[in-house]
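Residue-level structure breakdown
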Amino acid sequence: MNLLYQIKRSPYISRDLEHILPVAKKGSHIVLYQDAVLAAAVTEENRMWLERMTDAGVTIHALSEDLSARGVKDVLPGIDVITYGGWVDLVERLQPVSC
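Read on for a plain summary of the structure. Here the structure is a predicted model, which is why all the values come from computation and not from measurement.

Now for the packing of aromatic side chains. Each pair of aromatic rings is reported with the distance of its centres and the angle of its planes. Tallied over the entire structure, the rule returns two aromatic pairs. Residues Y33 and W87 carry aromatic rings whose centres are separated by 4.7 Å and whose planes lie at 50° to one another, so their mutual orientation is tilted. In this pair, Y33 sits in the loop between β2 (29–32) and α2 (44–55) while W87 sits in helix α4 (residues 84–93), placing the two residues 54 residues apart along the sequence. Pair check on accessibility: Y33 and W87 agree, each one buried. Geometrically, the ring pair formed by Y84 and W87 is stacked, given 6.3 Å between the ring centres and 20° between the ring planes. Residue Y84 and its partner W87 are located together in helix α4, separated by three residues, close to a single helical turn. The class for W87 is buried, based on a relative accessible area of 13%. Connected via pairs of aromatic rings, a cluster forms that spans Y33, Y84 and W87.

Reading the values: rules and limits
- Residues numbered from 1 in each chain as written.
- Predicted model: local features only at pLDDT ≥ 70, side-chain atom pairs only at ≥ 80, totals over all residues.
- Heavy atoms only, no water.
- Phe/Tyr/Trp six-rings, centres within 6.5 Å; stacked < 30°, edge-to-face > 60°.
- Helix = DSSP H or I, 4+ residues; strand = E, 2+ residues; numbered from the N terminus.
- Buried < 20%, exposed > 50% of the residue type's maximum accessible area, 1.4 Å probe, protein only.

Quick look at the structure:
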């Protein structure tokens, strides 16, 4: 079964995304929520980690409510913006792992 990594800490105070890269397998998914959605904003640094993840076959999702709450309007292309309902669908389909 493919894993669903759930990341909530900001990429500016945590290295969760960097730690997942070596262990995430093709077909895995990552949901960014709470402050982790800052990693979905359009910046060169975020573009680089997203490219490494997508090259590894990992799908990235960001919670729309948290993007709005943190003022993130421009999301990197390739990140799937989801609602709470979409998150529930992923949890039902995949094996959740909280980071």
